[in-house]
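A structural walkthrough
So you can see what is in the structure, the chains are spelled out below.
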Amino acid sequence: MNDLDVLKVFCAADGSHGNPLGVVRNGRTCPDDASRAELATRLGFSETVFVDDPERGVVDIWTPPGQRMAFAGHPLVGTAWLLDVEELVVPAGEVWARNDGEFSWITARAEWAGGRRLVQYADPAQVDELPAPPPGEGWLYAWAWEDEAAGRVRARGFPRRPGLDEDEATGAAAVALTAELGRALNITQGAGSQILTAPGPGGVVELGGRVRFAPAGSYGDAQWRPYGDPYAD
């Protein structure tokens, strides 16, 4: 597919790490739910975005094994950067976007980021020692303070769903944690991805991170494409 861009969202300062994201710029190439579910599953990224109207910023987010999402953080941060737009439209609502030269930012409402259990651990070492995934059911966001005064957090995200043991960087969970704590955060998640947040008025949270194109021929670690090479056919 020559209209598929593969990005890394929430990269570290040197451009490493980040959560892989597929963006299909021309959503008409996958015109129905069945084709979008099939491609999202075949790609194997935690989310794939289909752009239905690039001028108005209308996008459709899918996750394996074939589920549409009303809101997701890293797909919208990445797509806003790719399309260079000031607004994106998803089922949850309108998402404002901006780019400050280093970081791409979106706004989200705290209630859009539900469905994840936030569990605080005593220190970052306990978070690092968790197996992937930990025992139990449901979406788990494990976090601990690295430096509470500075707002620095160590986190890992576990969707506990088939094909995805651990999410490298989770914007929605970062939004939920920011809303719960009521303060700006600098989150290191997964292998070394960086997520920035800042709470705003009325339950709005700003979510930001670095976005880069994935190197040619590279689509993240094997765990991010468990269904095989998306370009194999």
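Okay, so let's go over this structure.

A short note on the pattern of salt bridges
Proximity of charged atoms lets side chains of opposite charge pair with each other. Considering all chains together, one arrives at 13 salt bridges under this definition. The closest approach of N and O atoms between arginine 210 and glutamate 102, which form a salt bridge, is 2.9 Å. Taken together, the residues arginine 210 in strand S14 (residues 204-213) and glutamate 102 in the loop between strand S7 (93-99) and strand S8 (104-109) connect sequence positions 108 residues apart. Put simply, arginine 156 and glutamate 166 hold a salt bridge, and the shortest N to O gap is 2.9 Å. In this pair, arginine 156 sits in strand S11 (residues 152-158) while glutamate 166 sits in the loop between S11 and helix H4 (171-181), placing the two residues ten residues apart along the sequence. Since its relative accessible area comes to 13%, glutamate 166 is described here as buried. Linked through salt bridges whose partners overlap, the residues forming this network are Asp33, Arg36, Asp52, Asp60 and Arg68.

Looking at empty space enclosed by the protein
Following the criterion strictly, the structure yields two cavities of 30 Å³ or more and no others. Computed from the structure, the largest cavity encloses a volume of approximately 80 Å³. The wall of the largest cavity is formed by Glu47, Ala72, Gly73, His74, Pro75, Arg116, Trp139, Arg161, Asp167, Thr170, Gly171 and Ala172. No other element matches helix H2 (residues 73-83), which puts three residues into the lining of the largest cavity. Taken together, the residues of the lining of the largest cavity break down into four nonpolar, four polar and four charged.

So, the side chain of aspartate 60
Secondary-structure assignment places aspartate 60 in strand S4 (residues 58-63). There is a polar contact of 2.7 Å between the side chain of aspartate 60 and the side chain of arginine 68. In this structure aspartate 60 touches Arg36, Thr48, Val49, Phe50, Asp52 and Arg68, once residues within four positions along its chain are discounted.

So, the nonpolar core
One finds Leu76, Leu88, Ile106, Tyr141, Val153, Ile187 and Leu207 to be the most contacted residues of the largest nonpolar core, which totals 45 residues. What isoleucine 187 contacts, discounting residues up to four positions off in sequence, is Tyr141, Val153, Ala155, Ala174, Ser193, Gln194 and Ile195. One finds Leu4, Leu39, Ala40 and Ala214 within the second-largest nonpolar core, a separate group that totals twelve residues.

About the cut-offs
- Residues numbered from 1 in each chain as written.
- Predicted model: local features only at pLDDT ≥ 70, side-chain atom pairs only at ≥ 80, totals over all residues.
- Heavy atoms only, no water.
- Salt bridge = Lys/Arg side-chain N within 4 Å of Asp/Glu carboxyl O.
- Helix = DSSP H or I, 4+ residues; strand = E, 2+ residues; numbered from the N terminus.
- Buried < 20%, exposed > 50% of the residue type's maximum accessible area, 1.4 Å probe, protein only.
- 1 Å grid on protein atoms, 1.4 Å probe; cavity = no way out; pocket = protein on both sides within 12 Å on 5 of 7 lines; lining within 4 Å.
- Points joined across faces, edges and corners; volume = space filled by probe spheres on them.
- Nonpolar A, V, L, I, M, F, W, Y, C, P; charged D, E, K, R; others polar.
- Polar contact = N/O pair within 3.5 Å; in protein donor to acceptor, adjacent residues only side chain to side chain.
- Contact = heavy atoms within 4.5 Å.
- Core = buried A, V, L, I, M, F, W, Y, C linked by side-chain atoms within 4.5 Å.

Purely spatial values, then, with no claim about function.
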